[in-house]
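# A structural walkthrough
This is what each chain is made of:
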Amino acid sequence: MSLEQPPPGQRASDNDRERAAAVVQEAHTDGRLDFQELDERLTQVYSAKTQVELRNATADLVPVAHGSAAELTLRAKHSAQKREGAWTVPERMTAIAEHSSVKLDFTDAVVHWSVIHVDAHAKHSSVVMVIPAGWSVDIDQVDMVHSSAKNKAGPPRSGGVRLHVTGQARHGSIVIRHPRKRHWWWPWYRK
C-alpha cells in the first residue's frame, strides 16, 4: 500500500507503521538520516494514529530505487528470481521466466502508483504475485497455451491498487494470490 496521498484521517494500522518504519530505516542505511534523525522519525512513525501522520513522517524519504523508478525487468533462465520485503515497486515490470520461477511479493513493498503493469512471460515456468488484501487484479489479457492463469485474490476495495497483468504462458502458470496464513504449529511457514 502506498504511503502517498491516503484518504484524509484514515487510521493507520500496525502494518502501515511497519512499512513507514522500513522507509525510515532504509533512509538511515543509505546515509540520508543520522542516528538522531532516525530516532526522531521512528518515534514519530510509531506514535502516528493516521496515515496522514505517517505520510508527513516519510514525505522527504522517497526510497532509493535500483535502476529506473518507472520500469523493472526480471529474467530467470533455469533459476529463480524474487522481489520481496520492503522494495520499491516501479510502475511497469516485465517478468520473463524460462524453466524457472519468478516471485513478486507486494505485501511489504512501497507502492507509489495506483496502477501497476506486469508483463509476465512463463515458458515451462511459474510467475507468482503475492498481493495485499484490497488490490484489484486484471489477468484477462494473458495469452495461454497449455497453461493456467489464476487470480486467487479476494475481492478488491475501492481506492486500492490495481494490478494489470499481460503477457503469455507456454506450458506454465501465472498465479496472483494473498500471503499464506501462518499456523501456530508451523512457525517457519513462508509467504
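The structure this text deals with has already been given above.
Here's what I pulled together on the structure shown here. (Residues numbered from 1 in each chain as written. Predicted model: local features only at pLDDT ≥ 70, side-chain atom pairs only at ≥ 80, totals over all residues. Heavy atoms only, no water.)

Here we come to the overall build of the protein. Along the backbone of the protein there are 3 helices and 12 strands. Sorting the 191 residues of the protein into buried and exposed places 40% on the buried side. Taking all contacts inside the protein whose residues are at least 6 apart in sequence as the whole, residues at least 24 apart take part in 65%. Roughly 10,700 Å² of accessible area belongs to the protein as shown, and the carbon and sulfur atoms make up 50% of that amount. (Helix = DSSP H or I, 4+ residues; strand = E, 2+ residues; numbered from the N terminus. Buried < 20%, exposed > 50% of the residue type's maximum accessible area, 1.4 Å probe, protein only. Contact = heavy atoms within 4.5 Å. Areas by Shrake-Rupley, 256 points an atom, 1.4 Å probe, with all protein chains shown as cover.)

Non-glycine residue His124 carries a positive phi angle of around 55°. Structurally, His124 is set in the loop between β7 (115–123) and β8 (126–130). The class for His124 is partly exposed, based on a relative accessible area of 40%.

What follows covers the sheet that holds β7. Read from one edge to the other, the open sheet built from 5 strands follows the order β1-β4-β7-β11-β9, with strand pairing classed as parallel. With partners counted over all chains shown, the strands left at the sheet margins are β1 (71–77) and β9 (136–145), one partner each. Strand-to-strand, the axes of this sheet are offset by a mean angle of 10°, without reference to chain direction. Two strands pair when backbone bridges link them, and strand β4 (residues 92–98) and β7 are joined in this way by 7 bridges, in the parallel orientation. What sits directly across from Arg92, in β7, is His117. (Pairing = 2+ DSSP bridges. Axes fitted to C-alpha atoms, helices over the stretch in contact; angles between N-to-C directions.)

For the rest of this paragraph, the subject is the side chain of Arg17. Summarising the element assignment, Arg17 is placed in helix α1 (residues 14–29). Taking relative accessible area as the criterion, Arg17 reaches 15% and is therefore assigned buried. Those residues in contact with Arg17, other than ones at most four positions away along the chain, are Ala12, Val45, Tyr46, Ala48, Lys49 and Leu54.

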